[in-house]
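Breakdown of the fold
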Amino acid sequence: MCGIVGYIGSQQAVPLLTEGLTRLEHRGYDSAGLAVLGTTGLKVAKRAGRVRDLSEALPKRFAGKVGVGHTRWATHGPANDVNAHPHTDAKGLVAVVHNGIIDNAAALRQRLSDEGVELASDTDSEVVAHLVARSEADTLEGKVSDALSAVEGTYGLAVLHVDFPDRLVVARNGSPLIVGVGEREMYVASDLAAIVRHTTTVAHLDDGEIATVTASGFTTYRLDLTRTARDATTLDIDPAEYDAGEHESFMRKEMHEQPHAAERVLRGRLDERFGTAHLGGLNMDARETRAIRRVKILGCGSAYYVGQMGAALLEELARIPADAEAASEFRYRNPIIEPDTLYVAVSQSGETIDTLLAVQEVRRKGGRVIGLVNVVGSAIARECDGGIYLHAGPEVAVASTKALTNMFLGFALLALQLGRVRDLSIADGRRLIAGLQRLPEQIEQVLAQEDQLAELAGRLAGAESLFFVGRVRGFPVAREGAQKFKEISYRHAEAYQTSELKHGPLALISPEVPTVAIVPDDELAERNVAALHEIAARRGPLVVLTHEGVDLGGLPDGAAERVVVPRNERELDPILLVVPLQLLAYHAALALGHDIDKPRNLAKSVTVE
Ligand code: F6R
């Protein structure tokens, strides 16, 4: 949520910053801005809209070899030109870009205006520019340190100052900030995606750290300006992973990457001999694993829904009571933290503040938390006692696809390991391992059904309102399907337990309101089919995601479109039912002409509460 990029070196900064912002745009796309230090001092250009709007509107001679850029997702104040970053002090000496939330912004704004400062914007971030400008410290890092000593909240920020044209100062507390090392040039960014084409040698700042970055290197400090030891490391990353390649959108690319991503999360973790999984990162021995009496899964949005799928896997395979809860609600109900409960935080970005705060609440009360996280070294991964990295690769589209699939597989591995120190037999363990090994190929088969799904999606896109229904294992699948659909098509898509339809929502069924029904070949198939008849009797159009051989019980001709997905083990079937729902959402959004990777009002990585 919001993106920062900065450059200092011998090249012109503007093209590099603009390119970096374009690559960060998925993190926030309400407004964008740039500040550069050139021969004639500090110049700032910012405006509401996309990065391309900013680029087209840059004034002539907007140049410099030091600069910072920002792409914003509005929190304090509407998305307009004034609220866009960078923010400056009244004299235009200082420019600041900021990610995060300054909790005491109201008090600081009041204090500054009592001191006669005129604040130009509605934002919390602007106060930092004024505080830096008003500091009497004689170094830029000193001024930033002074300013931040008054600030409560989260930040990743970068500061330019006309009196210190040879440096950028950056700081981190709760919002990621990295320094990238080039050849006599340096970069800063909130996300590797912004700079990966120029350098993969980076240093990640820790919370409470400041760095001074010059063209030839960087120095890190604590907030009190005592030095810290931080080296840059070269990451083994292929920059091409951050490009959409031949795909017309990142979402499509990421959906099609799922078979390979699935192989990666399973690689080296399956033990056929003992019919179990090996998850060394959990940092728990067999005795500790056995002592777990309950599992509580915490995540937000799609990560919460896949958490519900994970809870079902844990209950079925390990016979441990398990449930998932929206991390955003968890800490506000003063949860009881039990020593024999294993808490599991699920997050693609590892930055979602609601999930991070839930983890901190658990740990503060002495609970044990493990993470299922995609981004290595992210805040949630670092905060947990152990975990499972998802190895899905960078996910750029706002709508999560491949990370979600790998979350499901991460839960399957966890359930297998917990199950095998309990009552899951070696035969069942091996059965599931064989199922997991078949999954990448079966995901490929579902992706090959894209044409059929695109055709169906085109029809669904015409409906203003839709239901997604499923039961037990199928219900979180329906929730995820509805989430994906509403997120990018902007159609009202409501998930319901199929069994609950007749208790109210059936009143809404009509020829104008289609239902997408999840009907796997399991113990509930017959009951699910009975509900389909109730919908068809009210002339509600039906799309049925099901397995070969499920008897739909003679629904009238044309009442239902059937999408058949490959069958795996029952416990693992949910993920094969999720993939066609991604394609349905994608093609509905495409048919409606929406910006698929950057849906309105949303942003990747929600770092505000
Ligand atoms: C849906 C989606 C969001 C995220 C949620 C959690 O497609 O992307 O609902 O799943 O914001 O994000 P992470 O997984 O980064 O914690």
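Residues numbered from 1 in each chain as written. Predicted model: local features only at pLDDT ≥ 70, side-chain atom pairs only at ≥ 80, totals over all residues. Heavy atoms only, no water.

What to know about the pairing of strand β6 (residues 94-99)
In summary, the side chains of a regular strand alternate between the two faces of the sheet. The cut-off we apply is this: Categorising residues by exposure relies on relative accessible area from a 1.4 Å probe, with only protein chains included: less than 20% of the type maximum marks a residue as buried, more than 50% marks it as exposed, and the intermediate range marks it as partly exposed. Helical segments are the DSSP runs of H or I of at least four residues, strand segments are the runs of E of at least two, and each set is numbered from the N terminus. When DSSP finds at least two bridges between two strands, those strands are taken to pair.
With 6 of its 6 residues buried, β6 lies for the most part within the structure. Side-chain alternation along β6 places V94, V96 and H98 on one buried face and A95, V97 and N99 on a second face that is also buried. Taking the residues that link successive antiparallel strands as the turn, the strand β5 (residues 87-88)-β6 hairpin has 5 residues, and the phi of G92 there is positive, at about 70 degrees. When β6 meets strand β7 (residues 155-161), the two strands line up antiparallel, connected through 6 bridges. In the sheet register, A95 faces β7, and the bridge partner there is L160.

Examining the packing of helix α9 (residues 302-318) against helix α13 (residues 402-420)
Which entries qualify depends on this criterion: Only C-alpha atoms enter the line fits that serve as axes; for helices the fit covers just the stretch in contact. Angles between N-to-C directions range over 0 to 180 degrees. In what follows, roughly perpendicular refers to angles from 65 to 115 degrees, roughly parallel to angles under 35, roughly antiparallel to angles over 145, and oblique to any angle outside these ranges. When the near helix sits turned anticlockwise from the far one by under a right angle, the crossing is termed left-handed; a clockwise turn instead gives a right-handed crossing. Here, residues are in contact when the closest pair of their heavy atoms is within 4.5 Å.
Packing of α9 against α13 leaves a shortest axis separation of 9 Å and a crossing angle of 25 degrees. One way to sum up the angle between α9 and α13 is to call them roughly parallel. For α9 against α13, the interelement crossing comes out right-handed. Across the interface between the two elements, S302, A303, V306, G307, M309, G310, L313, L314, L317 and A318 of α9 pack against L404, M407, F408, F411, A412, L414, A415, L418 and G419 of α13.

Let's talk about the site of the ligand
Quick note on the threshold: A single heavy atom is enough: if one lies within 4 Å of a molecule or strand, its residue is considered near that molecule or strand. Pairs of N or O atoms are called polar contacts if they sit within 3.5 Å, as long as, within protein, a hydrogen donor faces a hydrogen acceptor (for residues adjacent in sequence, only side-chain-to-side-chain pairs). Here the accessible surface of atoms and residues is derived via Shrake-Rupley with a 1.4 Å probe, and residues count as covered only by protein chains that are part of the display. Gly is placed with the polar residues, together with every amino acid not listed as nonpolar (Ala, Val, Leu, Ile, Met, Phe, Trp, Tyr, Cys and Pro) or charged (Asp, Glu, Lys and Arg).
Surrounding the ligand, one finds 15 residues, the nearest of these being S347, Q348, S349, T352 and K484. Here an oxygen atom of the ligand sits 2.6 Å away from a polar atom, N or O, in the side chain of S349. With respect to the ligand, the side chain of K484 contributes an N or O atom lying 2.9 Å from an oxygen atom. Summarising the interface, the protein chains cover 88% of the accessible area of the ligand, which totals 400 Å² for the free molecule. The element that contributes the greatest number of residues to the shell around the ligand is helix α16 (residues 474-489), accounting for 3 residues. Broken down by class, the residue content of the shell around the ligand amounts to 5 nonpolar, 8 polar and 2 charged.

Looking at the sheet that holds β7
Strand order in the open sheet made by the 7 strands is β5-β6-β7-β8-β12-β13-β14, with antiparallel pairing throughout. The open sheet has two edge strands, β5 and β14 (227-228), and neither has a second partner. Along the sheet, helix α5 (residues 140-149) contacts β7, β8 (168-173), β12 (209-214) and β13 (217-222); its crossing angle with β7, the most-contacted strand, is approximately 140 degrees.

Points about the environment of F250
Mapped onto the elements of the fold, F250 is located in helix α6 (residues 250-256). Among the residues examined, F250 registers a relative accessible area of 16% and is labelled buried. In this structure the C-alpha to C-alpha distance between F250 and P335, which are 85 residues apart in sequence, comes to 38 Å. Not counting residues within four places of it along the chain, the set of residues in contact with F250 comprises Y242, D243, A244, V396, A397 and D597.

What about the pattern of salt bridges?
Under the convention used in this document: The term salt bridge refers to a pairing of a side-chain nitrogen on Lys or Arg with a carboxyl oxygen on Asp or Glu at a separation within 4 Å.
Scanning the model with the defined rule gives 40 salt bridges in all. The closest approach of N and O atoms between R459 and E455, which form a salt bridge, is 2.9 Å. Of the two residues, R459 and E455 are both situated in helix α15 (residues 450-460); the distance of 4 residues between them amounts to about one turn of the helix. We classify E455 as partly exposed; its relative accessible area is 45%. What emerges from the salt-bridge pattern is a single network uniting E316, R473, D522, E523 and R570.

Here we look at the sheet that holds strand β24 (residues 492-497)
A sheet is described by the order of its strands in space; here 5 strands give the open sequence β24-β23-β25-β26-β27, paired in parallel fashion. In the strand order of this sheet, the two ends are held by β24 and β27 (560-564), each with one partner. Sheet twist, expressed as the mean angle between neighbouring strand axes with direction ignored, is 20 degrees. Sheet topology note: the strand β25 (residues 515-519)/strand β26 (residues 542-546) ladder contains 5 bridges and is parallel. Paired with T515 across the strands is L542, a residue of β26. Its contacts with the sheet place α15 against β23 (465-470), β25, β26 and β27, and it is angled at close to 145 degrees to β27.

Describing the packing of aromatic side chains
The following threshold applies: Any two rings among Phe, Tyr and Trp, with Trp reduced to its six-membered ring, count as a pair given centres within 6.5 Å; such a pair is stacked if its planes are under 30 degrees apart, edge-to-face if over 60, and tilted if neither.
Throughout the structure, instances matching the rule amount to 5 aromatic pairs. Geometrically, the ring pair formed by F330 and Y343 is tilted, given 6.4 Å between the ring centres and 55 degrees between the ring planes. Taken together, the residues F330 in helix α10 (residues 327-330) and Y343 in strand β20 (residues 341-347) connect sequence positions 13 residues apart. Both residues of the pair, F330 and Y343, belong to the buried class. Summarising the aromatic geometry, the rings of F467 and Y496 are spaced 6.2 Å apart at their centres and angled 80 degrees between planes, so their arrangement reads as edge-to-face. Separated by 29 residues along the polypeptide, F467 in strand β23 and Y496 in strand β24 bring together distant segments of the chain. The exposure class assigned to F467 is buried, which follows from its relative accessible area of 2%.

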